[in-house]
Each structure stands twice: as C-alpha cells, then as structure tokens.
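Here is how the chains run, residue by residue.
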Amino acid sequence: MRKLSSRGLRLSFSKVMLWAGLAFLYVPMLILVIYSFNASKLVTVWGGWSAKWYGALLENEQILDAVSTSLKIAFFSASMSLILGTMAAFVMARFRHSWGKMTLSNMISAPLVMPDVIIGLSLLLLFVHMADTIGWPTDRGMTTVWIAHSTFCSAYVAVVVSSRLREMDRSIEEAALDLGATPLQSFFLVTVPVIAPSLIAGWLLAFSLSLDDLVIASFTSGPGATTLPMVVFSSVRLGVSPQINALATLIILAVSTTALLAWYLARRSEKRQKLQMQEA
Amino acid sequence: MKTLALKPTLTPSLTLPNGRLWTIGVPYLWLLLFFALPFLIVLKISLSSMAIAIPPYEALFSFTDEVMEISLNLGNFLLLLDDSLYVSAYLNSLQVAFFSTLGCLLIGYPMAYAMARSTPRQQTILLLLIMLPSWTSFLIRVYAWMGLLSDTGLINNFLLWLGLIDSPLRMMNTNFAVYIGIIYGYLPFMVLPLYANLVKLDPSLLEAASDLGSRSLHTFWTVTLPLSKGGIIAGSMLVFIPTVGEFVIPELLGGPNSLMIGKILWQEFFNNRDWPVASALAIVMLLLLIIPIALFHRYQSRQMEAES
C-alpha cells in the first residue's frame, strides 16, 4: 500500500513540475504576443485589439535594413558552418583516434559553453591584429560577423551531424566503397542522403543562432553592418515598446515555424527509416 | 605544421589519405585561426599597457617597445585584484551562476524525469516543446520579462488588483529579476541533457530495486539519481559556464547596479575603451571556468564514446 501511494505521489509531483515548467516557459511569450496587438501606446494598459504596431514596423527602415543584414549574415554563416561542422563531425565519427582528432573535437565543442563576451572580444582583437599585420580586414562589417558566426555555429552543426553519423548503418558506406565508388562519391551519394535531415536541422539551427546573436555581433561588427538583435537591444534598453512587441511576435512566429519544419523533417525521415528497417 | 604532423597517424580506411587530410585540415585550420589564436591575442593584449590603450584603435599598433610592455605587464591583473569592484563582480557572477544552476536543476530534473516516463509519442511532442524556446530569440525572451516585472508591469498590476499588495513590488533591476531571467533562459539547456540521460535508464534496474523491497523514494536516491550523474553534470555545466559571463540578462533585468563580470567586461570595452583591462577580465574569467569546461568536455567525449 505504502509503496504504491508514495510512487503515485512522486510521479504526480514530477508531472506537475513538467506542466508548471512548460507554463513558465510559454506564458511570458504568450503575454508578449497578446500585448503586441494592444491598441494603447502605454504598454501596460490594455486599450483594445489593434494591428497598428505591425504597420508601423513595416515603415521603420532601420529595422527593415537590419532584418536584411541579419538574414544575409545568417544565410552565409549557416552555410559555412554546415561545411565546417560536417567535416568536423565526419572526423569525430569516422576517423581513428589520434591527437589531431582529439584537439579538433576539443576546439569544436568549446564554443558550446564559452561565454559570448569572450568569443566576441577575442575575435575582435584578432581582426584588429590581422588588419595591423596583413592589412585585412580593412574595416569590420558583414564579413567579420560572418566569420565569427560561422566559427561558433559550426560547433552546433558538428554535434547534430556527428550524432547522426554515429547512428547510421555504416555497412552501406562500405558496400559503396567495395563496389568501386570513390570515397567522395560514397560520401555524396550514400552518406549525404542518409544524414540529410540532420544536415537540414544543423543548417537551420546555425541559421537561427546567427540570427539571434547579439554579443558576438556587437564586438565583431563595424558601423556599416547593424544586425537585428543590435537594433532590438538598443531600443529595448530604453524600455518596453509596442513596436518591439510586434517585432518580437514576428520573430517568435518565424522561429517556431522554422523549428517545427526542422522537427517535422527529422521525424518523417526517422519514420521512413524505421519502415525500411522493418521491411528489410 | 600541425596538420602535416598528423599525416602518419591517418590510415586510409574509408577515404583516400589526401581526402582525409582535407577533411580534418580545413576545419582544423579554421578553428586554429579563428578560435585558438584569438585567445593568445587576448592574453597578449591583457599584458599590454593601459596607457597606450586609452585611444582604442592606436592601442594595438604601438607594440614596438618591449621594455615598456614587460614593465607594465601585470598592471591590469593587479588592478583586478586591487579594485574591489572587479573582485565583487567575479564573486557575484559565480554566486548568481551557482544558484541559478541549482534552480534550473531543481526545476529541470522533475521535468526531465516526467518526460522520460511519458509514452514515446508524448516524448517527441514534449521534446519539441522544450526545444522550441531554446531556438527562440534569447533577447526577446529576456525582453518578455521586462514587461512582466516592471513596477507598472503585469505581475504588479495583477497583485494590486487582487489586493495582496498596496504598492508595487520592486522586481525590475534587482538580483531577483536576474535569477528569473537566467532560469527562464537556460532551463531548456538543463532539461535536454537530463532527459537524454534519464530516457536511457534501464527500467529493469528500478524494477529490480523495487522487487528487492526498496521504497520508491529510496530507489530514486540510490539508483536513479546516481545513474543520472552524467546528465546532471552536462546540464549544470551548460547552464553554469555561459551564465558566469552572461551580459544580456544583467544588463536588461539587473539594472545599473547589477554586478556581473560579463557586463563589466562589456563596459570596460565599449564605454571605457580600455581594451587591456577587458582582456585581463576575459583571461581571469577563462581561468575560473577551466575546471567546469574540462568537466563538460569529459562528459561530452564520454557521451560520444558511448554512442559509437
């Protein structure tokens, strides 16, 4: 009796915590979304429903400029970090243990936890130093932010892709090689199709991380390139504003859609693979 | 040089030696140049003189006089020790990081536990629900709390309306707001590794314990908790390490008086334009974080070994 009741109690405690925790994560964002439709200029007073702040947003050229800068940087950073991260993941999952593999996996996973201020400061000092010694980069802007973002995002890509590479059935790679495919052919024709969902997920993760980064971009950018988080931050510093609420809602919407898409793709391929396994 | 030295250890099992060299060489050189080398430069700048560094851009261009460099070299670090502002900022950062990690663990563990006990179908949805916030803009999630915690914010208005308080509680610009912000921002990073660990836990072990007469709470303390040590370490490090250097949360929620080292570093760099002191602050922060980072790496590589 006692065993049963205490077990029930513990289970319900963790269930309650789960739902409370999820509410804690979602309610603040939900309130933000609701208040973005507030007609009142006073952010804390409800003045009826209105979408006027969205209209005002579309006329704000500073924000639109920043959105396009951020999207460009995010696109190129995600693509570069996909290349670097996949290569590193391949080394970590397929290469034999060696000193080079060990130092590479240490370097690639360090940005996962390294405080942003340290990454940002160190890269800025590098760029200033490089400009001094080799004359490049002459000024900081989109290129330097791209380098910085590619570096820290490739860590996340490597984690996502390497775990998929480890799970995958290696016999098909070996079969391709036995049948005379070159390693490059085997990689692009056999490995890539199998790990494609994780490549897409890794790219999307890198894209959203780059889009979201404030600290590293603030250090490594110059006057020419202001990213969206930099604009949001400078306005948020002054307090809550209805226009930022509207912008935040759009960002939440965009990110959730992307994440749902990535999740759906990964799930679908997982299911398909399970089916194939069952058939085989 | 370093990549060339690797050549003899690479054996052609899957890829041609040349292809293997490229595969490891490209990311290796990139990380060496854009991740490892910058730390050496930070170290170098942290040892340079403050006086040269006051005009921000010329600071690095006048490194010719070696004597000067050496003579002033530990000045920045001595300043950090001397000025109680920096010392208390470090201590406060460590304290805030420690207690928010503990908070995340106390909230996140039951959540991960409940997730791991759900049906597989529920698990995929719950996993998505936990991951979604961590993909959403960090800045915006911190911003959401600004509207909730301010004197005229929703929480105060609600409590006033209920009649529980007569005047608004001061929550913004306090340490309380910083804790809320950090726990809110980092909770998913605690739950995910804990869940990954707990879901792999063999249920037969728990059954065995209960068959042998162990009460569930006792089973939890003696079987479940010790077996989830890896997840606890990974989650805690994922929260603790970035929190020590956190800038956005103390800046937006902690107000002008909040003392966190990430914020001080930012101010030294952007407001005071004192690059050497900012670099010295970064070096000391790194030294403080070396043990937690090593712990995290050990867990990470063990996890990878287990997977393969």
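Just so it is clear, the structure is predicted and the values come from calculations on it, not from any experiment. (Residues numbered from 1 in each chain as written. Chains lettered and ligands numbered in written order. Predicted model: local features only at pLDDT ≥ 70, side-chain atom pairs only at ≥ 80, totals over all residues.)

**Brief notes about the overall build of chain A**
Phase 1: When helices and strands are counted, chain A shows 11 helices and zero strands.
Phase 2: Along the chain direction, N to C, the helices and strands of chain A fall in the order α-α-α-α-α-α-α-α-α-α-α.
Phase 3: With respect to the principal axes defined by its C-alpha atoms, chain A has extents near 75 × 70 × 35 Å.
Phase 4: Here chain A holds 280 residues, and 47% of them are scored as buried.
Phase 5: The long-range share in chain A, meaning contacts at least 24 apart out of those at least 6 apart in sequence, stands at 76%. (Helix = DSSP H or I, 4+ residues; strand = E, 2+ residues; numbered from the N terminus. Buried ≥ 20, exposed ≤ 12 C-beta atoms within 10 Å, placed from the backbone. Contact = placed C-beta atoms within 7 Å.)

**Some words on the confidence of the model for chain B**
All names here are of chain B.
Phase 1: Across chain B, pLDDT averages 81, with 85% of residues at or above 70.
Phase 2: Within chain B, the element-level pLDDT minimum falls on helix α1 (residues 2-5), averaging 40, and the maximum on helix α6 (residues 84-116), averaging 93.
Phase 3: Within the model, the stretch residues 1-16 combines pLDDT values under 50 with 25 contacts to residues more than four positions away or in other chains.
Phase 4: Here the predicted complex carries an ipTM of 0.85, next to a pTM of 0.86. (pLDDT = per-residue confidence, 0-100.)

**Concerning the interface of chain A and chain B**
Phase 1: Chain A puts 80 residues into the contact, and the matching count from chain B is 87 residues.
Phase 2: Counting residues per element, the side of chain A that touches chain B draws most heavily on helix α1 (residues 2-35) of chain A, which supplies 18 residues.
Phase 3: Of the residues assigned to the side of chain A that touches chain B, the class counts are 53 nonpolar, 15 polar and 12 charged. (Nonpolar A, V, L, I, M, F, W, Y, C, P; charged D, E, K, R; others polar.)

**Some thoughts on helix α10 (residues 228-236) of chain A**
Phase 1: Most of α10(A) sits inside the fold, with seven of its nine residues counted as buried.
Phase 2: Inspection of α10(A) places A:Leu228, A:Pro229, A:Met230, A:Val231, A:Val232, A:Phe233 and A:Val236 among the buried residues, and these make up the whole buried set.

**Describing the packing of helix α8 (residues 138-149) of chain B against helix α10 (residues 175-199) of chain B**
Residues and elements named next belong to chain B.
Phase 1: Following both chains from N to C, one finds α8 and α10 inclined at 140 degrees, their axes separated by 10 Å at the closest point. Relative to α10, the element α8 is oriented oblique. Classified by chirality, the crossing of α10 by α8 is right-handed. Side by side, α8 and α10 meet where Phe138, Arg141, Val142, Trp145 and Leu149 of the first sit next to Ala177, Ile180, Gly181, Tyr184 and Gly185 of the second.
Phase 2: In terms of residue class, the contact of α8 with α10 is built from seven nonpolar, two polar and one charged. (Axes fitted to C-alpha atoms, helices over the stretch in contact; angles between N-to-C directions. Parallel < 35°, antiparallel > 145°, perpendicular 65-115°, else oblique. Left-handed = near helix turned anticlockwise from the far one by under 90°.)

**Notes on the packing of helix α3 (residues 61-94) of chain A against helix α6 (residues 142-167) of chain A**
Residues and elements named next belong to chain A.
Phase 1: Where α3 meets α6, the closest approach of the two axes is 5 Å, and the angle between their N-to-C directions is 40 degrees. Considered as vectors, α3 and α6 are oriented oblique to each other. Regarding α3 and α6, the two cross each other, and that crossing is right-handed.
Phase 2: Tallied by class, the residues present in the contact of α3 with α6 amount to 19 nonpolar, nine polar and three charged.

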